[in-house]
Every structure is written in C-alpha cells, then in structure tokens.
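# Residue-level structural notes
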Amino acid sequence: MADSGFEPRPLTVIAGFLGAGKTTLVNRILTQSSGTRYAVMVNDFGAINVDAGLIRSHDGQTIALTNGCICCTMSDGFIQAMLRLMQTPEAFDHVIIEASGVAEPSKIMDFALLDPLLEPDAIITLADAETLADRLADPKIASVVADQIRQADMILLTKSDLADPSLAEAELARIHPDVRVLRASHGNAPLALVLGTGLWAPKPSAESSAQSPPFHTLTLHCDLPLQRRRFADWEAALPEHILRGKGVALFEDDRTMLWQRVGRRNTLTNAPGEIERTEIVLIGTEPIQVPDL
C-alpha cells in the first residue's frame, strides 16, 4: 500500500451528540463539494437527503453522485465499510465519517493512523446550542457529551438561532478552553474553514469509557395512515428520558412527513420521496415504553 502512488487522503470525523445536526451538515457537504470528491460514510442512507438529480447510481451500499462524491453506508460495520472503501482510493479526495451520536470520535480517527493511505484531518464536534446545557446537566449522558467536546479539533455550535449562543459558548470554553468555536445553523457552516484544515492533534483518553450509559432504542411501525391530532398527543406524552426520535410518518391527508425530536422540541417537515408506512426510532437512557401510534 505504501507504494501505491496515491497521496494520503484526509479523514475528517463529524461527531456530536444525538440531534446536534450532523446529518444536516453532511447533506450540505454532499451537495456543495466545489470540485472536491468526498467519500462520506454514514450510518443510515435513510437520513441523507440528496437531490435525486445529483444521484448517478445507487447499489444499496453506495450512492454515487454526479459531482464525483460518493456516500457509503456503515450498515455492515465501520471496519468492514472502511476496508471496502479503501480498496478504491483513486475514487475520492477526502473521507468524511459521520459518527453515531454516542460515539467516541478519537477511536474512529484511530483508523487514519493505521492506514498509510489516510491522514487525520480534524475531529469536528457539533454542539446543539439549544440542548447543550441540559445534556451536560444530565448525569447519565454528561460524560459522553463532554468527551465529544474535549476530543474536538473544532466545534460547530449548531442551532444558534434557537437559543442564546453565548451561554453554550461559555460551557464549551469551560470544557475545552483552547478549541475554536464557529456558530452555525441549518448546516450553514463555512465548509472551507471546516474541511481540509489539518487541525487534528492527539487527545487524552476519554473519561467516560468505563461509565458510558446503556442507551435504549425502540422502533415503531404503523401500516395505516395516522391521525394528526392523535399523533400530536402521542409526541406530547413521550417521556423526558427520550433524547432523540426520528422517522417518517404517513398521515390521513396523504402527506408524508419527516418527524424529529431533539430534547423537548418536535418538528415535522416534508419527507423526501414516497413512503408506504410510518417508521419511527426512539433513543433514550431508560427502557422505552410508549403507547402505540
């Protein structure tokens, strides 16, 4: 591999707790590549919203775009997906990994230290200005959130239009006083200042590795269209320990909507494409028991 003739490809890890806005940023990267061929690895294609006119091909594991970018799923595991990707380094210029919301980003970046065709670029941690204080005050998840912040080479403060960003910036400075913080909303981060920075530096080991909380998930399905009022009552009754919810909902008026819950905020937006039934995933710090949809 060392004699392949290819320059090492930068690897950027996009980290951040559940609902911080990682996928929104990934969507923007995929549609605004400006000549750079990105290989973006994600956990689930279902959350990626790429203009259909930009898709050249889709084989179930990889989406190839007309702008030279590719999007690869990690459905069969991170290591296997990376090994498969690195078999064709000539197909891309830069690798981006969207970490799961509870991942330790420095462990993902370790892969770049093992492969001579990769070089660490930066760990970019997204922090949600609206929910950061609540996350850090929750003893079940505070150490996970703080570790993601400590391991960052740069922090994007997302949803800064929904809360006073100065309060969140004070928390970030307390945890990681030397890191650069950029404000962003709706994925509108200055990509030239985020990607290809070469800011990566070794970090201390995470403090939460021995005490990470057990996260619980529940997937709900409904084949029949939902009543709007009943769905509103259902989401209003969700317990507070549910940290994240997302999915697609099919309503009686034939509208298909993308549903998301981050903290206490619920949103419904138009869903891309057609769906046949409602599918929703809930993530919490306790076993999840909720009424049927």
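Data block above holds the structure.
None of the values given here were measured: they were computed from a predicted structure. All residue numbers refer to position in the chain's written sequence, counted from 1. Whole-chain, interface and lining totals are the exception, using all residues; otherwise, since this is a predicted model, local features are given only for residues with pLDDT of at least 70 and side-chain atom pairs are given and counted only at 80 or more. With hydrogens and water stripped out, all remaining heavy atoms of the structure feed into the side-chain values.

Once that is clear, we can look at the packing of aromatic side chains. Planes of paired rings set the category: under 30 degrees apart is stacked, over 60 is edge-to-face and the rest tilted, where pairs are Phe, Tyr or Trp rings (Trp by its six-membered ring) whose centres lie within 6.5 Å. What the rule picks out here adds up to six aromatic pairs. Relative to Phe 111, the ring of Phe 78 lies with its centre 5.7 Å away and its plane at 75 degrees, an arrangement referred to as edge-to-face. Pair noted here: Phe 78 is in helix 2 (residues 78–85) and Phe 111 is in helix 3 (residues 105–114), with a separation of 33 residues, a long-range link. A 1.4 Å probe rolled over the protein chains alone gives each residue an accessible area, and that area as a share of the maximum for its type sets the label: buried under 20%, exposed over 50%, partly exposed in between. Phe 78 gets classed as partly exposed once you look at its relative accessible area, which sits at 23%. Residue classification places Phe 111 among the buried positions, given a relative accessible area of 9%. Each ring, one from Phe 231 and one from Phe 251, has its centre 5.5 Å from the other, and the planes form 85 degrees; the classification is edge-to-face. Of this pair, Phe 231 sits in helix 8 (residues 228–236) while Phe 251 sits in the loop between strand 11 (242–250) and strand 12 (256–262), and the two are 20 residues apart along the sequence. According to the relative accessible area criterion, Phe 231 is buried, its value standing at 4%. Ring pairs connect the aromatic residues Phe 231, Trp 234, Phe 251 and Trp 259, which therefore count as one cluster. Against the face of Phe 251 rests Arg 228, its NZ or CZ located 4.2 Å from the ring centre. Think of it this way: any DSSP run of H or I at least four residues long counts as a helix, any run of E at least two long counts as a strand, and we number them from the N terminus. The rule is short: NZ of Lys or CZ of Arg within 6 Å of the ring centre and within 35 degrees of the ring normal puts a charge over the ring.

Take the sheet that holds strand 14 (residues 278–284) next. Strands pair in a sheet through their backbones, by hydrogen bonds, and they do so in one of two ways: parallel or antiparallel. With antiparallel pairing, five strands are arranged side by side in an open sheet as 10-14-11-12-13. Edge positions in the open sheet fall to strand 10 (216–222) and strand 13 (265–270), since each of these has one partner strand only. The average angle at which neighbouring strand axes cross in this sheet is 10 degrees, direction not considered. Judged from the seven bridges that link them, strand 10 and strand 14 form a sheet pairing that is antiparallel. Looking at strand 14, one finds that Cys 222 is bridged to Thr 278. Of the strands in this sheet, strand 10, strand 12, strand 13 and strand 14 are in contact with helix 8, which crosses strand 12 at around 15 degrees. Note: two strands are recorded as paired if DSSP finds a minimum of 2 bridges between them. Between N-to-C directions, angles cover 0 to 180 degrees, with each direction set by a line fitted to C-alpha atoms, over the stretch in contact for helices. Note on contacts: a residue pair qualifies if any of its non-hydrogen atoms lie within 4.5 Å across the two residues.

Another aspect to go through is the sheet that holds strand 9 (residues 180–183). Read across the open sheet, the nine strands follow the order 3-4-5-2-6-1-7-8-9; overall the sheet is mixed. Because the sheet does not close on itself, it has two edges, and the strands there are strand 3 (55–58) and strand 9. Ignoring strand direction, the axes of neighbouring strands in this sheet form an average angle of 20 degrees. Where strand 3 lies against strand 4 (residues 62–65), three bridges are found, and the strand directions are antiparallel. By the bridge assignment for strand 4, Ser 57 is matched with Ala 64. Sitting on the sheet, helix 1 (residues 22–31) touches strand 1 (9–16), strand 2 (38–42), strand 4, strand 5 (70–73), strand 6 (94–98), strand 7 (118–128) and strand 8 (154–158), and the angle it makes with strand 1 is about 150 degrees.

Turning next to helix 5 (residues 142–150). Taken across its nine residues, helix 5 has eight buried, putting it largely inside the fold. Of all the residues in helix 5, the buried ones are Ala 142, Ser 143, Val 144, Val 145, Ala 146, Asp 147, Gln 148 and Ile 149. The inward-facing, buried residues of helix 5 abut strand 1, helix 3, strand 7, helix 4 (132–137), strand 8 and helix 6 (165–175).

When you line up the elements, Leu 157 lands in strand 8. In this structure Leu 157 comes out as buried when scored by relative accessible area, which is 0%. C-alpha separation for the pair Leu 157 and Ala 127, spaced 30 residues apart in sequence, amounts to 5.0 Å. Beyond its immediate stretch of four places on either side in the chain, Leu 157 contacts Ala 127, Ala 129, Pro 165, Ala 168, Glu 169, Leu 172, Val 181, Leu 182, Arg 183 and Ala 184.

Before going further, it helps to spend a moment on the pattern of salt bridges. For this analysis, a salt bridge means a side-chain nitrogen from Lys or Arg found within 4 Å of a carboxyl oxygen belonging to Asp or Glu. Inspection of the entire model under this criterion finds 12 salt bridges. Close ionic contact of Lys 159 with Asp 128 constitutes a salt bridge, the shortest N to O distance being 3.3 Å. Taken together, the residues Lys 159 in the loop between strand 8 and helix 6 and Asp 128 in strand 7 connect sequence positions 31 residues apart. Of the two residues examined, Lys 159 and Asp 128, each falls in the buried class. Of the charged contacts in the structure, one is a salt bridge between Asp 223 and Arg 277, with a shortest N-O distance of 3.6 Å. Of this pair, Asp 223 sits in the loop between strand 10 and helix 8 while Arg 277 sits in the loop between strand 13 and strand 14, placing them 54 residues apart in sequence.

Bear in mind that shape data such as this cannot, by itself, settle questions of function.
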